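Fold and geometry: a report
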Amino acid sequence: MLGQGGHAALALMLLLLLLWRQAAPIEVPQDLKQPPTIVKQSVKDYIVDPRDNIIIECEAKGNPVPTFSWRRNGKFFNIGKDPRVTMRKRSGTLEIGFRSGGRPEDYEGEYQCFANNEFGVALSNKILLRVSKAPLWPKEVLEPVVVTEGSPLVLLCNPPPGLPPPFTFWMNSAMTPIPQDKRVSMGLNGDLYFSNVLAKDAHTDYSCNARFLFTHTIQQKNPFTLKVQTSRRVAESTPTFLSPSGSESSKMVLRDEQLLLECIAAGLPTPTIKWFKKGGDLPGRKVKFENFNKTLKIINVSEEDAGEYVCMANNQLGSIRHSIFVQVKAAPYWLDKPTNLVLAPDENGRLVCRANGNPKPNIQWLINGQPVDSSPPNLSRQVLGDTIIFRSVQMGSSAVYQCNASNQHGYLLANAFVSVLDMPPRMLGPKNQLIKVIENNRTFLDCPFFGSPLPELRWFKNGQGSGLDGGQYRAYINGTLEIKRARAEDEGTYTCVANSILGTAENQVRLEVKERTRIVRAPEHQSAIRGSTARFDCKVKSDPSLSVTVAWTKDDKPLQLGWRLRKDDESLTIPNVNEGDEGMYTCTVKSEIDQDTASARLTVLDRPDPPMDLDLSDPAARSVRLTWIPGNDHRSPITQFLVQFEEDRWEPGRWQDLSTYPGDLNSVILQLAPFVNYQFRVIAINSVGQSQPSRPSPRYKTSGAAPDAIPRGLRGWGSKNDNMEITWEPLLDLERNGPNLHYNVWWRLKDSGEEWSNVTTVGSKHVIHNTQTYVPYEIKIQARNEFGAGPESNVATGYSGEDKPTDAPTALRVSKVESTTATIHWKPVAPNSVQGEFKEYRLYYWRESSLVPGLVVSKEKKTKGFFSTVAEPSGILSDLVPYSKYKMFMVVANSRFESPPSNTVEFTTKEGVPDAPKFFRINRRGFDTLQLEWDKPLEPNGILVGYLLKYQTVNGTRLGQPQFKNLLPNETEFTLRLPDRSTRYKFFLSARTQEGAGEVFADESPHFTNEAYIDQVDIATQGWFIGLMCAIALIILILLIVCFIKRSRGGKYPVRDKKDLPLDPVDQKDQDGSFDYHSDEDNKPLQGSQTSLDGNVKESDDSLVDYGEGGDGQFNEDGSFIGQYTVKKDKDETEGNESSEATSPVNAIYSLA
């Protein structure tokens, strides 16, 4: 939305507008006769560039058009006699040109413009014209300045006096500004002050420069050479003031100008400056401290800023103070500026001219540029100090009056005319104006008018009621109506009526109140990773009758929308974000009468740039310091640095991680391994990701040393029954610490007290042969290189090889056999018969068969281990299948071998409860019927005795009363009638054995509320649908009869002799040339259709008699058959078909055929 600055500016504009509307005088229309009024003039203190022509402005209005004249230095300035001076047409502006020669300085002086017509004379201010000057620096020879270190110093600038005064600054010969700080700074007078001089201040090119603003030139003073005499010990000193001098001084400043107070102190150490005001606080909102606190600046000085200001300089040796007494004077300023006065004949009025200043200004009245005192007397005019009173004025007494308020610091001059007119009311503004305003805003309706005498103006709304003034409304004397807070009910037509004794005039303004245009979802500050998509929202709500436009800017510049940046009504999308997209995005929504803005910043994040300038320092035997310069973090702080290394002996070219360090470090000590030729690189990490690696550092090679590490993973084990292999993990490459790495290995029988046997090898294995079977050994190891031996490992225990166990477990048996578990018992073997490390007693078991007839089972062997060292071991075998026959045997196992098997045992598990049915389906067979189907369990776990079906109604989360149904074991379906088509059920089905019900299969009937389905059923019950189905059935029946008759005739063919021979190809055409497609099958009688009364099937021949009833068939002259084509049927089949030949549908259709 609008920021605080925007709201403040808007409020200030509204306040100024309100003040203008309150104070705006009534304007005299330009088409009426009136005295002149100055509308434009040059500034009082007018400095011009000598290289340009001189233009002195003076513009005025009046009726008749004014004529202009000038005075220079109080005397009439004859423009016509000076060829260089011209006056613009219909204007008093002077132009002085120098193309033909002349000096601008010859025209310096005080100018005043006079604009006059037949009704009076108006005056401009007295314009002091001066030509800008940029004098050269006086030539001088500057001796070197010699000063003792620690002493104060002032290098004088003394710039040449220019107009306006130049801007000074200090630079060296390289045109670089002299560095300034708390110790060295330039004063307001341009001098360069040193609170104390240091040896580093010795230079030969301290040069003061003066820049002249009008000529845009820089004058340079000859440079100072500063020589500093140093000493072993510089003496410290208490503060003293270099500027101003003494303990107190005074300063005069004019009201509304800028106050600058300065205190520069010397001392060692360099003093600090503090400011305060006696008897009060410094005006916080107007005070600024500049030049390292040496300058106090107060803007827009007012009378209350006068008083005593104290600056205090202090260092560790003491302090000093200086008081500055500030006086605030004032050039004249207006309290009540005179304004134009329009009077009707015999009216009274007054002109008021009130001004203030310090000292109090003198007020002088003039009429048409002449002092009032020296003008002819006028009985209708009376001068009373700062007021002129007019009584019963008459036509022809119009004039321009001037008020001059002056004191020693300046003057004010104001023109105000008195115009005597006799004019009925008239409206000056446009007719029937439409004003659109925003709801809840202060609104002004203007109705400029004029008349003499001054008419009375009243406002009316919608032509009704009394005048609008008070409460929500306020009427101003200039005709403006203020509505303090516009609302929807304030819409309408407002009429302003101006009335005087000379007549009436009116105008209308139509007011429409609109909803404010505002951004309801503003863009928000966001951070986006480079390459991602950023989106700023800008959703707008506005009055429907106003069209709005949405525009986006970036950093206050119009945003170029193209193929990449996309804008819609509510957002701005920036795909593939890059660094150039970073900035402040502003959404501006405008209607014809208001606008709203909202801004948000886009910050583009990216991986950091790689670190730079890697440097190695502080070398040591096993460490080195690595320093680097971090790269740009791209607005995402670096959280970590990853240091990697590469060495060129073992794995050249492969970079490995060494260590990570916090992101605020850039210098670390790296812990290194001996005998490695390192180089390093650094990777920066932030929230976006890792940077590219830095350029590698120089190589750094560490010296060799004896190994520090002990080989890991030392163990002894036998690969055969008469050996022991001692193995270990070789040292890593970076653990070698030197060349020629080898290993010392020791071993001996455990607890034997023997001497150690040892061997030296470069590999990672040593084999001891001819050992006893599975005996313990003590072993240890040590690494060694050319620089010495490393530490020895701790003593470890190893074992020689194992052999196959000699004894098998015995007396294997079972007890407590249940449906899924069985307890087993066995007798253990002697420990020495294991011939190795005892692992477990391993039981092999398998399911031999099921006791359920016809059920095929898997005989896959399974194992289960039992670790037991008791005298009478036992264990529980679980996860057995009920109602099954099992077999098992047991072995004893060490790490490599198993013993011979024990005796094999058979046992049978008891009957259990069955598994869930294989499947369970619910089908809807009609609107009121459910069909349930299922299949037997895969594992019945016994003999099935039936099924248990439980069901209950479901209504949301409520369940009805459960019902139960016992079903026989050979039943796999069940039909349930529903009391209502919308009733739903939940079903629970389980199979049963003698042990009880097994796992339950649960399901719910599906929803049957599909409207389409119900509608289909309803359609089927409609009469029109039944009729349509009957018509379709009748048509099908007729078609079937036609087909039957055609098959009975055998199709069309020529009448031939009775032969069972196929037709020749040429005879397979009709006389009209069409083919008749039929086979021998077509000549065969339909089953049951050509049956004779005695039930025998008639032979298929070509006798036409067989097509009629008996042999009474008749023929036409052309040989065609005219008898009724019928088929003999049984009595039951022919009942109801005894209709006459004329009405037989068969005959009718056949005749068509």
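Analysis parameters
Residues numbered from 1 in each chain as written. Predicted model: local features only at pLDDT ≥ 70, side-chain atom pairs only at ≥ 80, totals over all residues. Heavy atoms only, no water. Helix = DSSP H or I, 4+ residues; strand = E, 2+ residues; numbered from the N terminus. Buried < 20%, exposed > 50% of the residue type's maximum accessible area, 1.4 Å probe, protein only. Areas by Shrake-Rupley, 256 points an atom, 1.4 Å probe, with all protein chains shown as cover. Pairing = 2+ DSSP bridges. Axes fitted to C-alpha atoms, helices over the stretch in contact; angles between N-to-C directions. Core = buried A, V, L, I, M, F, W, Y, C linked by side-chain atoms within 4.5 Å. Contact = heavy atoms within 4.5 Å. pLDDT = per-residue confidence, 0-100. Patch = residues over 30% accessible without salt bridge, like charges linked within 9 Å, V, L, I, M, F, W, Y side chains within 5 Å. Salt bridge = Lys/Arg side-chain N within 4 Å of Asp/Glu carboxyl O. Phe/Tyr/Trp six-rings, centres within 6.5 Å; stacked < 30°, edge-to-face > 60°. Lys NZ or Arg CZ within 6 Å of the ring centre and 35° of its normal. Disulfide = S-S within 2.5 Å. Lys, Arg positive; Asp, Glu negative; His and termini not counted.

This brings us to the overall build of the protein. Tallying secondary structure elements over the protein gives six helices and 87 strands in all. Relative to its full complement of 1153 residues, the protein shows a buried share of 41%. Total accessible area on the protein stands at roughly 64,000 Å², and carbon and sulfur atoms take up 50% of it.

Moving on, we get to the sheet that holds strand β46 (residues 503–514). Strand order in this open sheet of four strands is β39-β46-β45-β42, and the pairing throughout is mixed. Only two strands of the sheet have a single partner each, and these edge strands are β39 (433–438) and β42 (456–461). Neighbour to neighbour, the strand axes of the sheet diverge by 25° on average, direction disregarded.

Before going further, it helps to examine the nonpolar core. Grouped together as the largest cluster of nonpolar side chains are 30 residues, with contacts concentrated most on I54, I56, W70, Y107 and L129. Those elements that place two or more of their residues in this core are β2 (45–48), β3 (54–56), β4 (58–63), β5 (67–72), β8 (94–96), β9 (109–117) and β11 (127–131). Once you skip the residues sitting within four places of it in the chain, L129 turns out to touch Y46, V48, I54, I56, Y107, E108, G109 and Y111.

A separate point is the confidence of the model for the protein. On average, the protein scores 85 in pLDDT, and the residues at 70 or more come to 87%. Across residues 1010–1018 the pLDDT falls below 50, and counting only partners more than four positions away or on other chains, this stretch makes three contacts in the model. Low confidence marks residues 1051–1153, where pLDDT is under 50. Its contacts with residues over four positions away, or in another chain, come to 90 contacts.

Quick look at a nonpolar patch on the surface now. On the surface, W1024, L1028, M1029, I1032, I1036 and L1040 cluster together into a nonpolar patch covering about 600 Å² of accessible area. Here M1029 lies in helix α3 (residues 1023–1049).

What follows covers the pattern of salt bridges. Counted according to the given criterion, the structure contains 50 salt bridges. Measuring nitrogen to oxygen at the nearest pair gives 2.4 Å for the salt bridge that ties D537 to R535. Overall, R535 belongs to the partly exposed group, its relative accessible area being 43%. Its salt-bridge partner being R748, residue E778 comes within 2.8 Å of it at the nearest N-O pair. Of the two residues, E778 sits in strand β69 (residues 776–785) while R748 sits in strand β66 (residues 742–749), which places them 30 residues apart along the sequence.

For any two aromatic rings, the description comes down to two numbers: the centre-to-centre distance and the angle of the planes. One pass over the full model with this rule turns up 28 aromatic pairs. Between the aromatic rings of F98 and Y107, the centroid separation amounts to 5.7 Å while the plane-to-plane angle is 70°, which identifies the pairing as edge-to-face. Overall, F98 belongs to the buried group, its relative accessible area being 16%. Look at Y844 and F889: their rings are 5.3 Å apart centre to centre, the planes differ by 20°, and that puts the pair in the stacked class. Taken together, the positions of Y844 in strand β74 (residues 840–850) and F889 in strand β77 (residues 884–893) put the pair 45 residues apart, joining distant regions of the chain. With respect to burial, Y844 and F889 carry one shared label: buried. Through successive ring pairs, a cluster of aromatic residues spans W826, F838, Y841, F866 and F867. R649 extends its terminal NZ or CZ atom over the ring of F675, reaching a point 4.0 Å from the ring centre. In this arrangement the basic side chain of K780 is found over the ring face of W746, its NZ or CZ atom lying 5.3 Å from the centre.

Moving on, we get to the state of the cysteines. Across all of its chains, the model carries six disulfides by this definition. In this model C58 forms its disulfide with C113; the gap between the sulfur atoms is 2.1 Å. Every disulfide takes its handedness from the sign of the S-S torsion; for C58 and C113 that torsion is -75°, giving left-handed. Of the two residues, C58 is situated in strand β4 and C113 in strand β9; the sequence distance between them amounts to 55 residues. Each member of the pair, C58 as well as C113, carries the same accessibility label: buried. If one numbers only the bonded cysteines of the protein, in the order they occur, the disulfide pattern is 1-2, 3-4, 5-6, 7-8, 9-10, 11-12.

Bringing the environment of E651 into the picture now. You can see E651 is positioned in the loop between β59 (640–647) and β60 (656–662). What makes E651 partly exposed here is its relative accessible area of 30%.

On to the pairing of strand β31 (residues 354–358). Every second residue of β31 is oriented toward a common face, the buried set being A355 and G357 and the non-buried set R354, N356 and N358. By the bridge criterion, four bridges tie strand β28 (residues 318–336) to β31 in an arrangement that is antiparallel. Each bridged residue has a counterpart across the sheet, and for D336 the counterpart in β31 is R354.

Residue position: K277 is located in strand β24 (residues 272–277). In this structure, K277 is buried with no salt-bridge partner, the nearest side chain bearing the opposite charge being D305 at 5.1 Å. Other than its neighbours up to four places away in sequence, K277 contacts L282, E304, D305, A306, G307, E308 and Y309.

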